[in-house]
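# Topology and contacts: notes
Okay, here's what each chain looks like letter by letter:
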Amino acid sequence: MTLSYKSYFTQVSIGLLITLAVLLLQFSPISYFSKTVNRLDGILYDARLSYLPPWPASTANIQIVDIDESSLQEFGRMPWPRKQFAKLTNQLTKLGAVTIAFDVLFTEAEVNPAAQVLSAVSDQKTIDHIQAIAKQLDGDYLFSQAMSKNEVVLATLFHQQQAIQKGLLSPTKLINNGNSDNNYLHQFQGYSANTEILAKQAIAQGFVNAIFDDDGFIRRSPLVVQQNGKFYPSLALAAFQSYSLAESIELQWQQKQQQAFLTAIKIGKSFIATDNKGQLLLPFRASAYHYPYTSAADILADRIKDKRFDGAVIFVGSSAPGLADLRTTPVSLAFPGVEIHATVFDALMSPTTQPYRPDWWQAAVAIILISCGLLSAFLLPKISPRSAEIIALVIFTLLITANASLWYYAYIDLPLVSALLLLMALSTYYISYGFLKENSQRKKVKAVFEQYVPPAHIDEILDQPDSMNLVGKKQLLTVLFSDIRRFTTIAEQLAPEQLSAWLNQFFSAITEDIFHHQGTIDKYVGDMVMAFWGAPLHDGHHATNAIKSAFAMLATVQKLEQSFANKNWPAAKIGIGINSGEMNVGDMGSQYRLNYTVLGDAVNLGSRLESLTKYYSVDILVGEETKRLVEQESPQWLTQVPFLTVDKVNVKGKTLPVTIYSPLAIKPSTKQLEQCQQFNQMMSHYFHQQFSQAQQILAALQNDFFNPTLLNIYQQRIEELLHNPPEKNWQGSFVHSTK
């Protein structure tokens, strides 16, 4: 696309302004803009999880014990008595569990029934007896005893309200290396922990707070939060420390301008990369229920006889809808919260294959935006809109491919939405500008030439100006002729202005059918319309489209009957001839007047076939080359449209006869299909001079064949041939002496 220096400078300036606007949008401190970008990046994160292969999972035996609906029905609604959790813990320990993490809070002490009885009795002997068995009735004690036989991690929940402080918050085991003042970790004031007896018996406690993105989805999970200046691990991190026997968990900080940034969490010798908020990107492996689930009811009822829990880390939680522990995630809108902890634990077990957003992501995004902006602003205004589309698509594909490769092979989560938005904005602007400019030029050219040549041909000339010449070329095309039957009678019934209106409505309707099926109108001559397919625009299904157009024209003519009847106009009936073959196509005429048309023997045969439709009482006749092309172009469609073998005819200028066919209908009735097959079999006997067999099939079709005229033609021919057998070299062709 040629631009003046001034126009080019203007277009480059606009592109650079768009680039600057997107840069500001990406790094804007304004909450609305940043939230919008984050939401879009979240959608991209979801797409990578959904469409890219998952990374290898850890080899740890991760099991989920589910307090599901069947458990609630069998053992009662929640909250369960603590002795039930004690039994569950004892059973899991017996079955080989190594670590048990409860995604359940035990913030209130359970009332001991012995204490209630003691308050109601005064007899010392009875009091002594009840006090002796009080511990065996204490649910918290029983649960703590069960916990003492295994490594059990309990849940805590942090709050923003400082007034909420329930239970005993265990001392933190996190080691803080470096200055952590002014950090970006999630801050809390209050907490809901577990009762003292349980908290002291647990190997650790971990928080279960869910952190949502701006769109309400959970894509990240904090490993560490801060409460009143102290740092606490998540349930999954605490379970991991217990399971892996890691001696310490150390927080790694980096100082920048009096601001502390958490860069990683060191567990033993492994480093877990986190973002500044201590969050881990959740590498969901699949939709919900990826990990093995076991109903708590089956464990409590001692129905587990296999070794599924041998050496396992177990997360106990609930997927029951009534308990409201279902979360919205990229892979499921009802993802059990307990499985989120299992997913985090799985990620911690494979620290080197987990996605993370590096510290340098902002610089990388800025470089990508500036590079895309400069490349697009200086290149796209110079080229045509179609070339701009291709280049924009290539850059778009490269960005997505590079981003997906970083994600899958380097585990780097790099924001991409702003770069894609910039590319879309720039390409949309430059392509739209180019098309508007081109369209303005095309309209000027079209206004001059459209009265002389078909619109499609004008478009081709505009696309390829060098192609305009008076020299035709040979090309394999399909031509269609359609003629109105009894037109002279119709013309006699109508006044001149009515006839003109009748023809206009008729030709407008069938022309729309031809255009709809990619045909080019060659000419109208009286009541005849001629069209062809395959030029000036290439059409790899030109024979099929011509026949589809013919069926559409017949349907349109049938619809016009009611419209014509309402105006007291005569109905229209048409015959259609279609033929394919090599034709001369191009601008034919003189230096004063051109006509884009087709010429040749194949065209003449198409016209002849149209005139023969009346003789054979068929709506459509096609040549054998058209049928052959349809078999190549659309074999699937051909199974729905049976072809009736009509005849062999001699064509002027050709030695061999041509077989002609009539396509019956799209999806004909079973009866029509059977009759078509029988008639085609009869024609095969006829062409092979097996006249007696052909006559027998004709007799069987005599009663209700859909084309009696065709039956009569062959009955007369066969009777004549039986009385006067043809010569041995007879080819079955018929020479028509009249049109």
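The present account deals with the structure reproduced in this document. Every value quoted in this text rests on a predicted model; they were computed, and no experiment measured them.

What follows is about the overall build of the chain. The number of helices and strands found in the chain is 24 helices and 27 strands. Per-residue burial over the chain gives 49% buried out of 739 residues. Long-range pairs, those at least 24 residues apart, make up 75% of the contacts in the chain between residues at least 6 apart in sequence. Summing over all exposed atoms, the chain offers an accessible surface of approximately 36300 Å²; the carbon and sulfur share of this is 55%.

To continue, consider the nonpolar core. One finds Ile62, Leu223, Val224, Ile265, Ile267, Phe315 and Phe345 to be the most contacted residues of the largest nonpolar core, which totals 51 residues. Every residue in contact with Ile62, bar those within four places of it in the chain, is listed here: Tyr291, Pro292, Val313, Phe315, Ala342, Phe345 and Asp346. Among the nonpolar cores identified, the runner-up in size contains 41 residues, and Leu503, Phe506, Ala543 and Ala572 belong to it.

Summarising burial for strand 1 (residues 62-66): 5 of the 5 residues are buried, a large majority. Burial along strand 1 is two-sided: the face carrying Ile62, Ile64 and Asp66 and the face carrying Gln63 and Val65 are both buried. In this structure, strand 1 lies alongside strand 17 (residues 313-317), joined through 5 bridges in parallel fashion. Along strand 17, the bridge assignment pairs Ile64 with Phe315.

Here we take up the side chain of Thr613. With respect to the helices, strands and loops of the structure, Thr613 is situated in helix 19 (residues 601-616). Judged by its relative accessible area of 1%, Thr613 falls in the buried class.

Here we take up the side chain of Glu610. With respect to the helices and strands, Glu610 occurs in helix 19. Here Glu610 occupies a buried position and makes no salt bridge, while the nearest side chain of opposite charge, Arg485, is found at 6.0 Å. Setting aside residues no more than four positions away along its own chain, Glu610 makes contact with Phe481, Ser482, Asp483, Gly575, Ile576 and Gly577.

This paragraph deals with the packing of helix 12 (residues 361-379) against helix 13 (residues 385-409). The geometry of helix 12 relative to helix 13 is characterised by a closest axis approach of 12 Å and an angle of 170° between their N-to-C directions. Classed by the angle they form, the pair helix 12 and helix 13 counts as roughly antiparallel. Here helix 12 contributes Ile368, Cys372, Leu375 and Leu379 to the contact with helix 13, which in turn contributes Ile391, Ile395 and Leu399. Per-class residue counts for the contact of helix 12 with helix 13 are 7 nonpolar, no polar and no charged.

What follows covers the pairing of strand 12 (residues 249-256). Looking along a regular strand, one sees the side chains alternate between the two faces of the sheet. When strand 5 (residues 174-177) meets strand 12, the two strands line up parallel, connected through 4 bridges. Counterpart to Leu174 in the pairing with strand 12 is Ile249. Two strands pair when backbone bridges link them, and strand 12 and strand 13 (residues 259-267) are joined in this way by 8 bridges, in the antiparallel orientation. Within strand 13, the position partnered with Gln254 by the bridge is Phe261.

Taken in spatial order, the 3 strands make up an open sheet running 6-10-11, and their pairing is mixed. The open sheet has two edge strands, strand 6 (187-188) and strand 11 (230-233), and neither has a second partner. Across 4 bridges, strand 10 (residues 224-227) lies against strand 11 in antiparallel orientation. When the sheet's bridge partners are listed, Val225 is paired in strand 11 with Tyr232.

To continue, consider the pattern of salt bridges. Going through the model one piece at a time under the given rule, you end up with 19 salt bridges. Lys523 is the salt-bridge partner of Asp522, the closest N and O atoms lying 2.6 Å from each other. Measuring nitrogen to oxygen at the nearest pair gives 2.6 Å for the salt bridge that ties Glu631 to Lys627. Taken together, the residues Glu631 and Lys627, both in helix 20 (residues 624-633) and 4 residues apart, mark about one turn of the helix. By sharing partners, the salt bridges in this structure join Asp46, Asp213, Arg219 and Arg220 into a single network.

By way of backbone hydrogen bonds, the strands of a sheet pair with one another, either parallel or antiparallel. Pairing is mixed in the open sheet, where 4 strands are placed in the order 5-12-13-14. Bordering the open sheet on either side are strand 5 and strand 14 (270-273), each of which pairs with just one other strand. Strand-to-strand twist in this sheet, taken as the mean axis angle between neighbours without regard to direction, amounts to 30°.

Take a nonpolar patch on the surface next. A cluster of nonpolar residues, Leu16, Ile370, Leu374 and Phe378, forms a patch on the protein surface that exposes about 330 Å² of accessible area. Here the nonpolar patch takes 3 residues from helix 12, the largest share from any one element. Mapping Phe378 onto the fold places it in helix 12. With relative accessibility at 40%, the residue Phe378 sits in the partly exposed group.

Attention now goes to unusual backbone geometry. Here the residue pair Met78 and Pro79 is connected by a cis peptide bond, since its omega of 0° sits within 30 degrees of zero. Even without glycine at this site, Asp302 takes up a positive phi of about 55°. Structurally, Asp302 is set in the loop between helix 10 (296-300) and strand 17. Given the relative accessible area of 36%, Asp302 is considered partly exposed. Within the chain, Gln689 stands out as a residue other than glycine whose phi angle is a positive 60°. Relative accessible area serves as the criterion here: at 30%, Gln689 is assigned to the partly exposed category.

Using the criterion set out here, one finds 36 aromatic pairs in the structure. Both rings, one in Phe106 and one in Phe143, keep their centres 5.1 Å apart while their planes meet at 70°; by these two values the pair is edge-to-face. Here Phe106, found in the loop between strand 2 (99-102) and helix 5 (113-118), pairs with Phe143, found in helix 7 (residues 139-148); they are 37 residues apart in sequence, far enough to count as distant. Across the pair, exposure class does not vary: Phe106 and Phe143 are buried alike. The interplanar angle of 55° and the centroid separation of 4.8 Å between the aromatic rings of Tyr289 and Tyr293 together place this pair among those described as tilted. Overall, Tyr289 belongs to the partly exposed group, its relative accessible area being 44%. One aromatic cluster is present, formed by Phe679, Tyr686, Phe687, Phe691, Phe705, Phe706, Tyr714 and Trp730 through successive ring pairs. The ring of Trp361 carries the charged tip of Arg357 above its face, separated from the ring centre by 5.2 Å.

Before going further, it helps to spend a moment on helix 24 (residues 708-723). Taking 1.5 Å per residue, 16 residues should reach 22 Å; helix 24 reaches 23 Å between its end C-alpha atoms and fits that length. Of the positions making up helix 24, those classed as buried are Leu710, Leu711, Ile713, Tyr714, Arg717, Ile718 and Leu721. When helix 24 is viewed along its axis, its buried side chains cluster within an angular range of 160° and face the same direction. Facing away from the buried side of helix 24 by over 90 degrees, the exposed positions are Gln716 and His723. Of the surrounding secondary structure, the elements contacted by the buried residues of helix 24 are helix 19, strand 26 (643-649), helix 22 (670-687) and helix 23 (691-701).

Relative to the 26 Å expected for 18 residues at 1.5 Å per residue, helix 22 spans 26 Å between its end C-alpha atoms, a close match to the ideal helical length. Considering only its buried residues, helix 22 is in contact with strand 26, helix 23 and helix 24. Within two residues after helix 22, Gln689 carries a phi angle of roughly 60°, on the positive side.

What counts and how
Residues numbered from 1 in each chain as written. Predicted model: local features only at pLDDT ≥ 70, side-chain atom pairs only at ≥ 80, totals over all residues. Heavy atoms only, no water. Helix = DSSP H or I, 4+ residues; strand = E, 2+ residues; numbered from the N terminus. Buried < 20%, exposed > 50% of the residue type's maximum accessible area, 1.4 Å probe, protein only. Contact = heavy atoms within 4.5 Å. Areas by Shrake-Rupley, 256 points an atom, 1.4 Å probe, with all protein chains shown as cover. Core = buried A, V, L, I, M, F, W, Y, C linked by side-chain atoms within 4.5 Å. Pairing = 2+ DSSP bridges. Lys, Arg positive; Asp, Glu negative; His and termini not counted. Salt bridge = Lys/Arg side-chain N within 4 Å of Asp/Glu carboxyl O. Axes fitted to C-alpha atoms, helices over the stretch in contact; angles between N-to-C directions. Parallel < 35°, antiparallel > 145°, perpendicular 65-115°, else oblique. Nonpolar A, V, L, I, M, F, W, Y, C, P; charged D, E, K, R; others polar. Patch = residues over 30% accessible without salt bridge, like charges linked within 9 Å, V, L, I, M, F, W, Y side chains within 5 Å. Phe/Tyr/Trp six-rings, centres within 6.5 Å; stacked < 30°, edge-to-face > 60°. Lys NZ or Arg CZ within 6 Å of the ring centre and 35° of its normal. Expected span 1.5 Å × (residues − 1). Arc of directions from axis to C-beta.

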